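Architecture at a glance
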Amino acid sequence: MGAKKKKAARKPRIYREPELLKLDLGSGPRPAEGFKGVDIVPGVTDYCVDLCIGEPWPFASDSVSEMRSSHYIEHIDSGCIWTFETVALAKGKYATRRVRGPNAFLWFFDEAFRIAKHGCVFSIQWPALQSVRSFQDPSHSIHPCAETTIYLTREGRKAMGV
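This structure is a prediction, so every number in the text was calculated from the model and none was measured.

Digging into the environment of Gly28
Within the secondary structure, Gly28 is located in the loop between β1 (21-25) and β2 (36-39). Excluding anything up to four places from it in sequence, Gly28 contacts Asp39, Val44 and Thr45.

What about the environment of Lys36?
Residue position: Lys36 is located in strand β2. Residues Lys36 and Leu23 lie 13 residues apart in sequence; the distance between their C-alpha atoms is 4.9 Å. Setting aside anything within four residues of it in sequence, one finds Lys36 in contact with Leu21, Lys22, Leu23, Asp24, Pro31, Asp46 and Tyr47.

Points about the sheet that holds strand β3 (residues 47-48)
Spatial strand order, β3-β2-β1-β4-β7: five strands in an open sheet with parallel pairing. Lying at the two open borders of the sheet, with one neighbouring strand each, are β3 and β7 (116-125). Relative to β3, β2 is paired through two bridges, and the arrangement is parallel. Looking at β3, one finds that Asp39 is bridged to Cys48. Along the sheet, helix α1 (residues 104-115) makes contact with β1, β4 (64-70) and β7, crossing β7 at roughly 140°.

Side note on the nonpolar core
Among the nonpolar cores identified, the biggest contains 25 residues, and Leu23, Leu25, Leu51, Trp57, Met67, Ile76 and Phe108 are the most heavily contacted of them. When contributions to this core are tallied by element, the ones reaching two or more residues are β1, β4, α1 and β7. With seven residues, α1 is the single largest residue contributor to this core. The residues contacting Trp57, other than those within four sequence positions of it, are Leu25, Val49, Asp50, Leu51, Trp107, Phe108, Glu111, Ala112, Arg114 and Ile115.

A look at the side chain of His140
Along the polypeptide, His140 turns up in the loop between α2 (132-136) and α3 (154-160). Engagement of the side chain of His140 in a polar contact is seen with the backbone oxygen of Ser134, the distance being 2.8 Å. Ignoring anything within four residues of it in the chain, the contact list for His140 reads Glu74, His75, Pro127, Arg133 and Ser134.

Parameters and conventions
Residues numbered from 1 in each chain as written. Predicted model: local features only at pLDDT ≥ 70, side-chain atom pairs only at ≥ 80, totals over all residues. Heavy atoms only, no water. Helix = DSSP H or I, 4+ residues; strand = E, 2+ residues; numbered from the N terminus. Contact = heavy atoms within 4.5 Å. Pairing = 2+ DSSP bridges. Axes fitted to C-alpha atoms, helices over the stretch in contact; angles between N-to-C directions. Core = buried A, V, L, I, M, F, W, Y, C linked by side-chain atoms within 4.5 Å. Buried < 20%, exposed > 50% of the residue type's maximum accessible area, 1.4 Å probe, protein only. Polar contact = N/O pair within 3.5 Å; in protein donor to acceptor, adjacent residues only side chain to side chain.

Quick look at the structure:
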């Protein structure tokens with residue numbers, strides 16, 4: 001009798017979910033467990049990003065499945081983002097002028113909406129308005145109340161015309 005041919009072993013089919021990107025915005029050196037940290041300080045988190053400079057964040061649209069931000073939004077400047085542009089004057093001379101950009105606080109949320117996948121969960125914590133701790137920290141630029149969240153949703157802004 002001849003040698004039997006071995007049947008090639010069939011590899012099991014493995015279904016892999018696409019990687020779920022979970023970001024902790026303004027995390028500092030200690031992002032929440034299971035989240036990638038995003039902060040302006042170089043070398044302390046997974047991504048070094050200025051979240052309020054008025055430039056798009058380096059994440060693709062509809063790419064993030066979950067976001068969180070704990071005690072960061074109260075530090076965002078409540079004013080507008082200023083940029084500078086150079087303008088040509090007569091006879092080869094140039095001048096630089098300051099240009100008013102978008103509101104930094106709303107920019108932060110616009111970018112968060114842009115990168116969020118459909119169904120993304122975004123949890124945010126900030127000091128309670130009634131708490132003296134909201135006002136004792138001089139680095140707190142804004143003191144949002146619960147009703148501020150109306151301005152943070154697309155639907156709310158659309159309904160108010162802002």
